[in-house]
Amino acid sequence: MVREIKFDELNSLLELYLYLHESSIPKETEHLKETWNDIMNDSNHHIIVNEIDGKVVSSCVCVIIPNLTRGVRPYAFVENVVTHLDYRGKGYAADCLQYAKDIAEKNNCYKMMLLTGSKKESTLKFYENAGYNCSDKTAFIQWL
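The model shown is predicted, which means the values in this text are computed figures rather than measured ones.

Chemist: Tell me about the side chain of Thr83, and please be specific about residues and values.
Modeler: Looking at the element boundaries, Thr83 is found in strand β4 (residues 75–83). Judged by relative accessible area, Thr83 falls into the buried class, the value being 9%. A distance of 2.8 Å separates the side chain of Thr83 from the side chain of Ser58, its partner in a polar contact. Beyond its immediate chain neighbours, meaning those up to four positions away, Thr83 contacts Leu16, Tyr19, Val57, Ser58, Arg88 and Ala93.

Structure representation (structure tokens):
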């Protein structure tokens, strides 16, 4: 079942992020709690999960960004697309991305953007099959 995350599912999400690029679960500090509260109280920040048999197995983040161009229409940014290793190849992440697209459309976004650090052909094909392309824009990143 694809849906938005519930407040009490932070630990499930952090465990899932171990299959993204994290090497450990962060300590439960005040900063972590404040960040989680900020995310959960931000109507433009959507953490989408796919739950199978009571377990969060896939997720992505969709942030709606207000904008003053393109007819004052917002755009959506998708990040942290991840699926538990044991559940890959079954369409769970694709379902999360479709849910993100539905959110973007409901918010009248004119585009969605997604970045990936992966160079794997299968990953790039996955995003292309989900409707994204890598020919319209060039992404630049400055790590801080």
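Once you've had a look at it, read on.
Chemist: With reference to specific residues and values, describe the pattern of salt bridges.
Modeler: Pairs can form between side chains of opposite charge once their charged atoms are near each other. For the coordinates displayed, the defined rule picks out four salt bridges. A salt bridge links Arg3 to Glu9, with the shortest nitrogen-to-oxygen separation between them at 2.6 Å. Among the charged side chains, a network of salt bridges with common partners joins Arg3, Glu9 and Glu51.

Chemist: Describe in detail the nonpolar core, supporting the description with residues and values.
Modeler: Among the nonpolar cores identified, the biggest contains 17 residues, and Ile48, Cys60, Cys62, Val78, Val81, Leu97 and Leu114 are the most heavily contacted of them. Elements with a contribution of two residues or more to this core: β3 (55–65), β4 and α3 (92–106). Of all the elements, α3 adds the most residues to this core, at six residues. Setting aside anything within four residues of it in sequence, one finds Val78 in contact with Cys60, Val61, Leu97, Ala100, Met112, Met113, Leu114, Leu115 and Tyr132. Leu10, Ile47, Val49 and Val82 belong to the second-largest nonpolar core, a separate cluster that totals 14 residues.

Chemist: I'd like to hear about unusual backbone geometry, residue by residue, with values.
Modeler: Only a minority of non-glycine residues have a phi that is not negative, and only a minority of peptide bonds are not trans. Even without a glycine there, the phi angle at Asp53 is positive, about 50°. Mapping Asp53 onto the fold places it in the loop between β2 (45–52) and β3. Residue classification places Asp53 among the exposed residues on the basis of a relative accessible area of 81%. At Val72, a position not held by glycine, the phi torsion is positive, near 60°. Mapping Val72 onto the fold places it in the loop between β3 and β4. Val72 sits in the exposed class, given a relative accessible area of 56%.

Chemist: With reference to specific residues and values, describe helix α2 (residues 30–40).
Modeler: Three or more residues of α2 are buried, namely Leu32, Trp36 and Ile39. Angularly, the buried residues of α2 cover 65° about the axis, an arc narrow enough to put them on a single face. Away from the buried face of α2 by more than 90 degrees, exposed residues Glu30, His31 and Asp38 are located.

Chemist: Tell me about the pairing of β2, and name the residues and values.
Modeler: Regular strands have side chains that alternate between both faces of the sheet. The buried fraction of β2 is high, at seven of eight residues. Taken together, the three bridges between strand β1 (residues 2–4) and β2 define a ladder with antiparallel strand orientation. Among the inter-strand pairings, Glu4 is bridged to a residue of β2, identified as Ile48. Pairing between β2 and β3: eight bridges, direction antiparallel. Along β3, the bridge assignment pairs Val49 with Ser59. What sits between the antiparallel neighbours β2 and β3 is a turn of two residues, in which Asp53 has the positive phi angle 50°.

The rules we used
Residues numbered from 1 in each chain as written. Predicted model: local features only at pLDDT ≥ 70, side-chain atom pairs only at ≥ 80, totals over all residues. Heavy atoms only, no water. Helix = DSSP H or I, 4+ residues; strand = E, 2+ residues; numbered from the N terminus. Buried < 20%, exposed > 50% of the residue type's maximum accessible area, 1.4 Å probe, protein only. Polar contact = N/O pair within 3.5 Å; in protein donor to acceptor, adjacent residues only side chain to side chain. Contact = heavy atoms within 4.5 Å. Salt bridge = Lys/Arg side-chain N within 4 Å of Asp/Glu carboxyl O. Core = buried A, V, L, I, M, F, W, Y, C linked by side-chain atoms within 4.5 Å. Arc of directions from axis to C-beta. Pairing = 2+ DSSP bridges.

Nothing here speaks to function; it is all geometry.
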